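Given next are the chains, with one letter for each unit.
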Amino acid sequence: QIMIVAICIAGKQNEPLYFYCDSATTAKSEFADIHGTEKEALNSFSSSDYLHLQMLSHCCLDLVQEKKTRALMSTSPFEMYMGQLLPIEDYRAYGCYCNTHIKFIVLC
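Residues numbered from 1 in each chain as written. Predicted model: local features only at pLDDT ≥ 70, side-chain atom pairs only at ≥ 80, totals over all residues. Heavy atoms only, no water.

A.B. asks: Run through the overall build of the chain, naming residues and quoting values.
C.D. replies: The helix and strand tally for the chain stands at two helices and five strands. For the chain, with 108 residues in total, the buried portion stands at 35%. Across the chain, the fraction of contacts at a sequence separation of at least 24, relative to all contacts at a separation of at least 6, is 44%. Just so you have it, the chain exposes about 6,800 Å², and 57% of that area is on carbon and sulfur atoms. (Helix = DSSP H or I, 4+ residues; strand = E, 2+ residues; numbered from the N terminus. Buried < 20%, exposed > 50% of the residue type's maximum accessible area, 1.4 Å probe, protein only. Contact = heavy atoms within 4.5 Å. Areas by Shrake-Rupley, 256 points an atom, 1.4 Å probe, with all protein chains shown as cover.)

Structure, rendered in structure tokens:
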């Protein structure tokens, strides 16, 4: 079962257009490991966790830009769906680049 923790949509110059963070999912996974309960987990999500997920999404945007630049320099066709960018800590990041230069990052 894959749970989406965060979704980031970025514009042409990597400016954030939308950022969604599922605080309940993030808190449950971290809190349940320590205490084994989910009731208090909903209140344990802090702004530092939110900022951490934002930072991870910005790191992924750098990877998308790097892959795009590398593909434009080579003769191989550029794939819009980039698949899994990399596993980061407890998350997996997936990326997609649209022909309108909009980038989608999903952290699971």
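A.B. asks: Could you give an account of the confidence of the model for the chain, naming the residues involved and the relevant values?
C.D. replies: Per-residue pLDDT for the chain averages 77, and the proportion of residues at 70 or more is 77%. Taken together, the stretch residues 27-43 has pLDDT below 50 and engages in 16 contacts with residues farther than four places along the chain or on a different chain. (pLDDT = per-residue confidence, 0-100.)

A.B. asks: Go over the packing of aromatic side chains with me, naming the residues and quoting the values.
C.D. replies: Inspection of every chain in the model, using the stated rule, returns one aromatic pair. On the basis of an interplanar angle of 85° and a centroid distance of 5.3 Å, the ring pair of Phe19 and Tyr50 is categorised as edge-to-face. Pair noted here: Phe19 is in strand β2 (residues 16-21) and Tyr50 is in helix α2 (residues 47-73), with a separation of 31 residues, a long-range link. (Phe/Tyr/Trp six-rings, centres within 6.5 Å; stacked < 30°, edge-to-face > 60°.)

A.B. asks: Could you give me a rundown of the sheet that holds β2, with the residues and numbers involved?
C.D. replies: The antiparallel open sheet is built from five strands, whose spatial order is β2-β1-β5-β4-β3. Each edge of the open sheet is held by one strand with a lone partner, namely β2 and β3 (81-88). Each strand axis lies, on average, 15° off the axis of its neighbour in the sheet, ignoring direction. When β3 meets strand β4 (residues 91-97), the two strands line up antiparallel, connected through six bridges. (Pairing = 2+ DSSP bridges. Axes fitted to C-alpha atoms, helices over the stretch in contact; angles between N-to-C directions.)

A.B. asks: Before we move on, could you go through the pattern of salt bridges and cite the residues and values that matter?
C.D. replies: Within this structure, the stated rule accounts for one salt bridge. The residue Arg70 makes a salt bridge to Glu66 at a minimum N-O spacing of 2.6 Å. One end of the pair, Arg70, and the other, Glu66, are both in helix α2, four residues apart, so they sit about a helical turn from each other. For Glu66, a relative accessible area of 42% puts it in the partly exposed group. (Salt bridge = Lys/Arg side-chain N within 4 Å of Asp/Glu carboxyl O.)

A.B. asks: Which residues make up the side chain of Ser57, and what are the values?
C.D. replies: For Ser57, the location among the structural elements is in helix α2. A relative accessible area of 1% places Ser57 in the buried class. Every residue in contact with Ser57, bar those within four places of it in the chain, is listed here: Cys8, Phe19, Ile105 and Leu107.

A.B. asks: Please provide a residue-by-residue account of the pairing of strand β5 (residues 103-107), values included.
C.D. replies: Residue alternation in β5 divides its side chains into a buried set, Lys103, Ile105 and Leu107, and an unburied set, Phe104 and Val106. Taken together, the five bridges between strand β1 (residues 6-10) and β5 define a ladder with antiparallel strand orientation. Bridge assignment links Ala10 to a residue of β5, and that residue is Lys103. Where β4 folds back on β5, the antiparallel hairpin that results is connected by five residues, among which His101 adopts a positive phi of roughly 70°.

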